[in-house]
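Each chain is listed here by its residues.
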Amino acid sequence: MPAYDLSDRLVVGVASSALFDLTESDAYFRAHGEAAYARYQDDNVDSPLEPGPAFPFIQRLLSLNDLRPEDPLVEVIILSRNDSSTGLRVMRSVEHHGLTVTRAFFTQGGAPLDYIPALDMSLFLTQNRDDVLTAVRAGYPAGHVRPTTAAYDESDRSLRIAFDFDAVLATDESERIFQAEGIDGFVANEVAKRDVAHTPGLLKPLVEDLNRIQRLEQERQASEPEYEPRLRIALVTARAAPAHERAVQSLRSWGVTVNDAFFLGGIEKARVLEVMRPHLFFDDQDGHLTGAVDHVAGVHVPYGVANEALTLTGELELARATDAVVTEP
């Protein structure tokens, strides 16, 4: 059998904790231990898991494969800390919900993060915060999916994805200046560098892959005028004029595009997200996601200066036990 080529595809890794609601399973594991948990999953292997916060995004993303059915545009791979036996329930749930996901890595408690670059993933989603912190510090495009009460219309086939700019699509260069010099210093820097493109951040390659899918949608619409493009990308940032110009010029320099751009200048992001209702919204500051959980599946990207105080759970516990100072790697 020839090797399956992952090039020219958008490859997304998703933990079972983000794809499905594992609240009950996790509680059982914590209460009864690993052996009982394995028996519990065996007993419930034919009881489908309910969709989790990333499910609507993954479901709609996979549906875009109908643009090139003979050579799928999107490959979703489950990366799970389960072993292959307890992972059976996950895969049967995948089948039950009609998701075209056939590849899964089960690592029996180990972090599967090294497979992100090995498989050229543009995104890894999980509800395990420590895994995300470790991945982001290694330079991998990962996001911590927040719990959400958002509900989406299942008859709506569109896929809406929204991104913050600084420390998400770009590095945190300007955010550092804002933290050090305030809004006046930030604006002065952005105006002085309006023609200097930002260095791309962790999720810029994801937008490139999404743009490639959008170009195929445009080609489809050109040959079938009745076809309505489904994928829509938005920029939702606290920047405002005149600092907006450098962000626009950076996107142009990188060769990526967005459909919508919201330069809010301090207006609460949740106000826009409530109207837009994106299936995922990526932001480097957790506080911007808290007010939006009723309207969107928020994804925290813990990169940059705003997240330097975050520690891995183990580091924090060790520091408390030894009164050691926790330092960032």
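For clarity, every value in this text was computed on a predicted model and none was experimentally measured. (Residues numbered from 1 in each chain as written. Predicted model: local features only at pLDDT ≥ 70, side-chain atom pairs only at ≥ 80, totals over all residues. Heavy atoms only, no water.)

Focus: the overall build of the protein
1) Next: The helix and strand tally for the protein stands at 13 helices and 10 strands.
2) Next: For the protein, the C-alpha radius of gyration of 20 Å lies close to 20 Å, the compact-globule estimate for 329 residues.
3) Next: Principal-axis analysis of the C-alpha atoms places the extent of the protein at approximately 65 × 60 × 40 Å.
4) Next: The 329 residues of the protein split such that 47% are buried.
5) Next: In the protein, once contacts between residues fewer than 6 apart in sequence are set aside, the share between residues at least 24 apart is 74%.
6) Next: Of the accessible surface of the protein, which amounts to about 15,600 Å², a share of 50% is contributed by carbon and sulfur atoms.
7) Next: Separation between the mean location of the 30 positive side-chain charges and that of the 52 negative ones in the protein comes to 2 Å. (Helix = DSSP H or I, 4+ residues; strand = E, 2+ residues; numbered from the N terminus. Rg over C-alpha atoms; globule rule 2.2 N^0.38 Å. Buried < 20%, exposed > 50% of the residue type's maximum accessible area, 1.4 Å probe, protein only. Contact = heavy atoms within 4.5 Å. Areas by Shrake-Rupley, 256 points an atom, 1.4 Å probe, with all protein chains shown as cover. Lys, Arg positive; Asp, Glu negative; His and termini not counted. Charge placed at Lys NZ, Arg CZ, Asp CG, Glu CD.)

What to know about the packing of aromatic side chains
1) Next: Counted according to the given criterion, the structure contains seven aromatic pairs.
2) Next: Centroid distance Phe20 to Phe55: 6.3 Å. Interplanar angle 45 degrees. Geometry classified as tilted. In this pair, Phe20 is assigned in the loop between helix H1 (16-19) and helix H2 (23-32) and Phe55 in helix H4 (residues 55-63), connecting sequence segments 35 residues apart.
3) Next: Its relative accessible area of 6% is what places Phe55 among the buried residues.
4) Next: Here Phe165 and Trp254 contribute two aromatic rings whose centre-to-centre distance is 5.9 Å and whose plane-to-plane angle is 10 degrees, an arrangement assigned as stacked. Here Trp254 lies in helix H10 (residues 244-254) and Phe165 lies in the loop between strand E6 (159-163) and helix H8 (173-192), a separation of 89 residues in the sequence. Of the two residues, Phe165 and Trp254, neither departs from the other in class, the shared state being buried.
5) Next: Lying over the aromatic face of Tyr4, Arg103 brings its terminal NZ or CZ to 3.8 Å of the ring centre.
6) Next: Its guanidinium or amino end placed over the ring of Tyr152, Arg277 lies 5.8 Å from that ring's centre, counting from NZ or CZ. (Phe/Tyr/Trp six-rings, centres within 6.5 Å; stacked < 30°, edge-to-face > 60°. Lys NZ or Arg CZ within 6 Å of the ring centre and 35° of its normal.)

Thoughts on unusual backbone geometry
Peptide bonds are trans in most cases, and residues, glycine excluded, mostly fall at negative phi.
1) Next: Cis geometry is found at the peptide bond from Ala241 to Pro242, where omega equals 5 degrees.
2) Next: In this structure, Pro242 sits in the loop between strand E7 (231-237) and H10.
3) Next: A positive phi is found at Gln108, a non-glycine position, where the angle reads about 40 degrees.
4) Next: Positionally, Gln108 belongs in the loop between strand E3 (103-106) and helix H6 (115-118).
5) Next: According to the relative accessible area criterion, Gln108 is exposed, its value standing at 55%.
6) Next: Positive phi outside glycine occurs at Ala167, with the angle close to 70 degrees.
7) Next: For Ala167, the position within the fold is in the loop between E6 and H8.
8) Next: Residue Ala167 is classed as buried on the basis of its relative accessible area, which comes to 2%.

A closer look at the environment of Arg176
1) Next: Looking at the secondary structure, you find Arg176 in helix H8.
2) Next: What makes Arg176 partly exposed here is its relative accessible area of 38%.
3) Next: The spacing of Arg176 and Gly304 is 128 residues in sequence and 8.2 Å in space, taken between C-alpha atoms.
4) Next: Setting aside anything within four residues of it in sequence, one finds Arg176 in contact with Val305 and Glu308.
5) Next: Only 2.8 Å separates the side chain of Arg176 from the side chain of Asp172, close enough to count as a polar contact. (Polar contact = N/O pair within 3.5 Å; in protein donor to acceptor, adjacent residues only side chain to side chain.)

Topic: the confidence of the model for the protein
1) Next: Residue-level pLDDT values for the protein average 91, and 95% of them are 70 or greater.
2) Next: Low confidence marks residues 314-329, where pLDDT is under 50. Its contacts with residues over four positions away, or in another chain, come to 13 contacts. (pLDDT = per-residue confidence, 0-100.)

A closer look at the sheet that holds E7
1) Next: If you walk across this open sheet you meet the 10 strands as E3-E2-E1-E4-E5-E10-E9-E6-E7-E8, and the pairing is mixed. Two strands lie at the open edges of the sheet, namely E3 and strand E8 (260-263), each paired on one side alone. For this sheet the average axis-to-axis angle between neighbouring strands, irrespective of direction, equals 25 degrees.
2) Next: In the packing of helix H9 (residues 204-223) onto the sheet, contacts are made with strand E1 (10-14), strand E2 (74-80), strand E4 (123-126), E6, E7 and strand E9 (280-283), and the angle to E7 comes to roughly 140 degrees. (Pairing = 2+ DSSP bridges. Axes fitted to C-alpha atoms, helices over the stretch in contact; angles between N-to-C directions.)

Here's the deal with the side chain of Ser250
1) Next: Here Ser250 shows up in helix H10.
2) Next: The class of Ser250 is buried, set by a relative accessible area of 0%.
3) Next: Setting aside anything within four residues of it in sequence, one finds Ser250 in contact with Phe165, Val196, Ala197 and His198.

Quick look at the packing of H2 against helix H3 (residues 34-43)
1) Next: At their nearest, the axes of H2 and H3 sit 7 Å apart, and the two run at 145 degrees to each other. The interaxial crossing formed by H2 with H3 has right-handed handedness. Facing H2, whose interface residues are Glu24, Ser25, Tyr28, Phe29 and His32, H3 presents Glu34, Ala36, Tyr37, Tyr40 and Gln41.
2) Next: Residue classes in the contact of H2 with H3 are distributed as five nonpolar, three polar and two charged. (Left-handed = near helix turned anticlockwise from the far one by under 90°. Nonpolar A, V, L, I, M, F, W, Y, C, P; charged D, E, K, R; others polar.)

Overview of the pairing of E8
1) Next: As judged from the four bridges shared by E7 and E8, these two strands associate in the parallel manner. Its bridge partner lying in E8, Ala234 is registered against Asp260.

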